[in-house]
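Overview (structure and organization)
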Amino acid sequence: LGYSALRAPKPSAVFSRAANMRFLGLLVLRALAEDACEPDAGALVQTLTKVATTSHSSSLECASAFEKMERGINIGNTFDYPGMGRAPEEVEAHVKWAQEQGFKHIRVPVTWNGNFDADSTLTKSVTAVVDYAMGLGLYVVIDTHHEHWLKDHYDSSKELRDQFWKLWFDIATHFESRSSLLIFEILNEPENAFGSWSDEWVKPFEELGVNRTREINAIGYDAVRSVSKDRMVFLSPNALGNIGALGYVYPNRSNLPGGGSDACLGVTVHTYDPWDFAGDTGNNDFYGSIESMKQGFYDVFSQINVWQYIGSGTKIYIGEYGLGRRECCYEERNTDLVREYYRFVTNHFRANGWACAVWDDQGWFALYSKQERLGQARSAEDRQPNGQ
């Protein structure tokens, strides 16, 4: 669909000097209080210099990583849901193709089913794919995806809180030695017990849903930070990570873990809005024309533009977006309107400084067929000298 040929302005990194100064000021007061009798001025200066340098270095590294992520693609229905094959060599071929198309990162959804086993086939396969992608210079986002043991039953019980904390502690420990190319997303699309629109669940904007979502995100975040102090982490609002829920769950940076002071923390949202156009049962007639579609999406994304302003530089990652179609409607979606959707929306995200990953699951939300991907890969090989 021409993603790699489209270039958008790169965002400028945003840093809060005031927040850093407040943090250093608190360190000064604490150090003086702890050593009030005989403060060692030289040691204090060394400590503050080390802290300031480390904090600045982490901020720069995370800002750089976020900028370099640019545009990515999901390896959907692979490790998160039965679909495509899970054999590392098959997934790696997909990853290699994505890199050759110009994508800068991949998102690898993973359903762990509540427990991490370093010796499981799932973990070994995910690890192999992560390492392969990073070896190609790609950023990689991994998450906890269809964790219905948690989403359908969460009640803030100690048992579930401890289980989720241990899950992320084990994941973070397993990947501790990996570089900053690896990024963690704490919980994909919090829903149901965390807040959903169906009548049987608490509503997303109700206090219970908001508090549960903040709580579970903080638990996973704390588990990761107990292992990795400066790995990039993303948190999602409820209602399936909907753009409109972001302002309810995290009205501003102070509601984030750490009060918004963590330079390596961002938020992630998904958008298949409006569903009557973008969903797997949607159709092109919803907008009818390319210009109507563009105007409609300016309205759809206005909420996140407003939140970005209020969020004072908090990093935003669009982890999923795209257009679906059932088997009945392949040809309807094979149009210039659909291609312009991907071009326009992706460029809009990048122009606003948001990294993004288009959803592809090789099914109802497939961007291309496996046969097309393999055919393009073979054509690329044929163009190389000696088939290299």
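Provided above is the structure to which this section pertains.
Presented here is a report on the structure given in the accompanying data block. Not measured: the values here are computed from a predicted model.

1. What to know about the packing of aromatic side chains
- Enumeration according to the criterion identifies 24 aromatic pairs in this entry.
- An aromatic cluster is present here, built from F277, F286, Y287, F297, F301, Y321, Y341, Y342, F349 and W354 joined pairwise through their rings.
- A cation over a ring is seen here: R326 above W364, with NZ or CZ 3.6 Å from the ring centre.
- Positioned above the aromatic ring of F277 is the side chain of R333, whose terminal nitrogen or guanidinium carbon lies 5.5 Å from the ring centre.

2. As for the nonpolar core
- Ranked by internal contacts, the top residues of the largest apolar core, which has 96 residues, are I106, F164 and F297.
- Per-element tally for this core: the top contributor is helix α14 (residues 336–351), with seven residues.
- In this structure, I106 is in contact with I73, I75, V95, A98, A133, L138, Y139, V140 and V141, ignoring residues within four places of it in sequence.

3. Looking at a nonpolar patch on the surface
- Together, W197, F205 and Y248 line one region of the surface with nonpolar side chains, adding up to about 370 Å² of accessible area.
- Relative to the helices and strands, Y248 is located in helix α9 (residues 246–249).

4. A few points about the environment of E185
- Of note, E185 is situated in strand β4 (residues 182–185).
- The contacts of E185, once residues within four sequence positions are left out, are R107, V141, I142, D143, T144, W168, F234, T268, H270 and Y317.
- Separated by 2.9 Å, the side chains of E185 and R107 make a polar contact.

5. Observations regarding the sheet that holds β4
- Overall, parallel pairing links the eight strands, which are arranged β1-β2-β3-β4-β5-β6-β7-β8 in a closed barrel. Across the sheet, the mean angle from the axis of one strand to that of its neighbour is 25 degrees, orientation sign disregarded.
- As judged from the three bridges shared by strand β5 (residues 233–235) and strand β6 (residues 265–271), these two strands associate in the parallel manner. Bridging from a neighbouring strand, V233 pairs with L265 of β6.
- Against the sheet, α14 touches β1 (71–74), β6, β7 (315–321) and β8 (355–358), its axis set at about 165 degrees to β7.

6. Considerations on the pairing of β7
- Counting buried positions along β7 yields seven of seven residues, so the element is predominantly enclosed.
- Across six bridges, β6 lies against β7 in parallel orientation. Residue G266 lies in a different strand from β7, and its bridge partner there is K315.

7. Examining the pairing of strand β3 (residues 139–143)
- Where burial is concerned, most of β3 is hidden: five out of the five residues are buried.
- Side chains Y139, V141 and D143 project from β3 onto one buried face, and the interleaved V140 and I142 project onto a second face that is buried too.
- Both strand β2 (residues 105–108) and β3 contribute to a ladder of four bridges, which runs parallel. Each bridged residue has a counterpart across the sheet, and for V108 the counterpart in β3 is I142.
- Crossover handedness for the path β2 to helix α4 (residues 121–135) to β3: right-handed.
- Relative to β4, β3 is paired through four bridges, and the arrangement is parallel. Along β4, the bridge assignment pairs V140 with L182.

8. A few points about the side chain of K151
- The topology assignment puts K151 in helix α5 (residues 148–151).
- There is a polar contact of 3.3 Å between the side chain of K151 and the backbone oxygen of E189.

9. Re the pattern of salt bridges
- One pass over the full model with this rule turns up twelve salt bridges.
- A salt bridge links D131 to R178; the nearest nitrogen and oxygen atoms lie 2.9 Å apart. One end of the pair, D131, is in helix α4; the other, R178, is in the loop between α6 (158–174) and β4, and 47 residues separate them in sequence.
- With relative accessibility at 34%, the residue D131 sits in the partly exposed group.
- R343 is paired through a salt bridge with E340; the nearest N and O atoms lie 2.8 Å apart. You can see R343 and its partner E340 sitting in helix α14, three residues apart, about one turn around the helix.
- On the basis of relative accessibility, which here comes to 14%, the residue E340 falls in the buried class.
- Here the salt bridges share partners, and the residues they tie into one network are R107, D143, E185 and E320.

10. A short note on the packing of helix α3 (residues 88–100) against α4
- Close contact between α3 and α4 brings their axes to 10 Å; oriented N to C, the two are set at 30 degrees. Put simply, α3 runs roughly parallel to α4. When you trace α3 past α4, the crossing you get is right-handed. Contacts between α3 and α4 involve P88, V91, E92, V95 and K96 on the former and, on the latter, S125, A128, V129, Y132 and A133.
- When grouped by side-chain class, the residues that make up the contact of α3 with α4 number seven nonpolar, one polar and two charged.

11. As for unusual backbone geometry
- Going from D273 to P274, the amide bond is cis rather than trans, its omega being -15 degrees.
- Residue placement: P274 occurs in the loop between β6 and α10 (275–278).
- Look at E70: it is not a glycine, yet its phi comes out positive at around 45 degrees.
- Locating E70 in the fold gives a position in the loop between α2 (41–69) and β1.
- Despite not being glycine, A239 has its phi angle at roughly 55 degrees, a positive value.
- Tracing the backbone through its elements, the reader meets A239 in helix α8 (residues 238–241).
- For A239, a relative accessible area of 7% corresponds to the buried category.

About the cut-offs
Residues numbered from 1 in each chain as written. Predicted model: local features only at pLDDT ≥ 70, side-chain atom pairs only at ≥ 80, totals over all residues. Heavy atoms only, no water. Phe/Tyr/Trp six-rings, centres within 6.5 Å; stacked < 30°, edge-to-face > 60°. Lys NZ or Arg CZ within 6 Å of the ring centre and 35° of its normal. Core = buried A, V, L, I, M, F, W, Y, C linked by side-chain atoms within 4.5 Å. Buried < 20%, exposed > 50% of the residue type's maximum accessible area, 1.4 Å probe, protein only. Helix = DSSP H or I, 4+ residues; strand = E, 2+ residues; numbered from the N terminus. Contact = heavy atoms within 4.5 Å. Patch = residues over 30% accessible without salt bridge, like charges linked within 9 Å, V, L, I, M, F, W, Y side chains within 5 Å. Areas by Shrake-Rupley, 256 points an atom, 1.4 Å probe, with all protein chains shown as cover. Salt bridge = Lys/Arg side-chain N within 4 Å of Asp/Glu carboxyl O. Polar contact = N/O pair within 3.5 Å; in protein donor to acceptor, adjacent residues only side chain to side chain. Pairing = 2+ DSSP bridges. Axes fitted to C-alpha atoms, helices over the stretch in contact; angles between N-to-C directions. Right-handed = clockwise from strand over helix to strand, strands pointing away. Parallel < 35°, antiparallel > 145°, perpendicular 65-115°, else oblique. Left-handed = near helix turned anticlockwise from the far one by under 90°. Nonpolar A, V, L, I, M, F, W, Y, C, P; charged D, E, K, R; others polar.

In short, geometric facts, not functional conclusions.
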